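Chain and residue survey
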Amino acid sequence: MGGFEGHLYPGLSLFFYGLYHARLVSRALICNHPVQYRPCHPWRKGRWARLQQIYYVGLVKILSAFILAAQELHNVHGQFVLISKIYHQRNFLYRKQWQHLTLYMTFFLSGCVDVVSQNLLPQRCAALEQGAQALGIFLFLPLMMSHMQDSEGVELQSHILLTQAMFLLVLVVIAELWAPNMLQLWVMKAFFYMMIGSWLIQIGFMLYKPISGYKWMDDDKNNIIFVTTFFCWHVAFIAILMIWVYGFSFLWYYYIC
């Protein structure tokens, strides 16, 4: 995720995906029904009745993957190749861009699995959806570890914190394979998705468009220390946001619907 847009767009995608999960788990807690399956209402008659029964989450994942990949390729200058052949030498090119595209490919495959399972199969296979999701999140870890090899200072510290949050998310989605309807895991999953998304956006601002107008200095220990402080503020902000989502959902399902 190079550049400001390369951190902003993936961050927004993950944040809103986590916000969607926060809404799901809030509804499950309030309405007392399985978190994976929404209540099935009778089909309405009319031309658009079928469209009202379609699950759109997988389609949004596929669309997001295409947008992120297009943004990544748009920032590549020159011919986008994997290996260069110059004077009998073969060198790998655009290593970070290929890492990003590999990550977006996992989002695309997860979206395809969601579409097939939720809309095409005779019976939804939630285990297949969760397996594809866990695979995509798991691949994020080795990509992030290699991504940090040439980083230092503020960039290195911010990506270490990002990797820690991603590692905890991996543990949650793997545990979810054996306890798919455990609400505590869904709460943690929503929290970490929003946490990772908001922190990616913060990294984009810190490295490329600092709000203060002054560049963060890698040789200043105070800057590196405050990166961790800002991360802790993000944790508190996401916790408050999840409480707000639950409160709004409570009012919506009890007094409005």
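Read on for an overview of the structure. Values in this document were obtained by computation on a predicted structure and should not be read as measured data.

Mapping S117 onto the fold places it in helix 3 (residues 95-120). A distance of 2.9 Å separates a polar atom in the side chain of S117 from the backbone nitrogen of C125. Excluding its chain neighbours within four sequence positions, the residues that come into contact with S117 are Q123, R124, C125, A126 and E129.

In terms of nonpolar packing, the biggest core is built from 40 residues, with L169, I196 and W199 touching the most fellow members. Among the secondary structure elements, those contributing two or more residues to this core are helix 1 (3-31), helix 4 (126-147), helix 5 (153-178), helix 6 (183-208) and helix 7 (221-256). Broken down by element, the residue count for this core peaks at twelve residues, all from helix 6. With sequence-adjacent residues up to four places away left out, L169 is seen in contact with I137, K189, F192, Y193 and I196. Within the second largest apolar cluster, five residues are counted, among which are L24, V25, V35 and W186.

Let's shift gears to helix 1. An ideal rise of 1.5 Å per residue puts 42 Å on 29 residues; helix 1 measures up with 43 Å between its terminal C-alpha atoms. One or two residues past the end of helix 1 sits N32, with phi positive at roughly 60°.

Rules used throughout
Residues numbered from 1 in each chain as written. Predicted model: local features only at pLDDT ≥ 70, side-chain atom pairs only at ≥ 80, totals over all residues. Heavy atoms only, no water. Helix = DSSP H or I, 4+ residues; strand = E, 2+ residues; numbered from the N terminus. Polar contact = N/O pair within 3.5 Å; in protein donor to acceptor, adjacent residues only side chain to side chain. Contact = heavy atoms within 4.5 Å. Core = buried A, V, L, I, M, F, W, Y, C linked by side-chain atoms within 4.5 Å. Buried < 20%, exposed > 50% of the residue type's maximum accessible area, 1.4 Å probe, protein only. Expected span 1.5 Å × (residues − 1).

No statement about biological role is implied by the geometric values presented.
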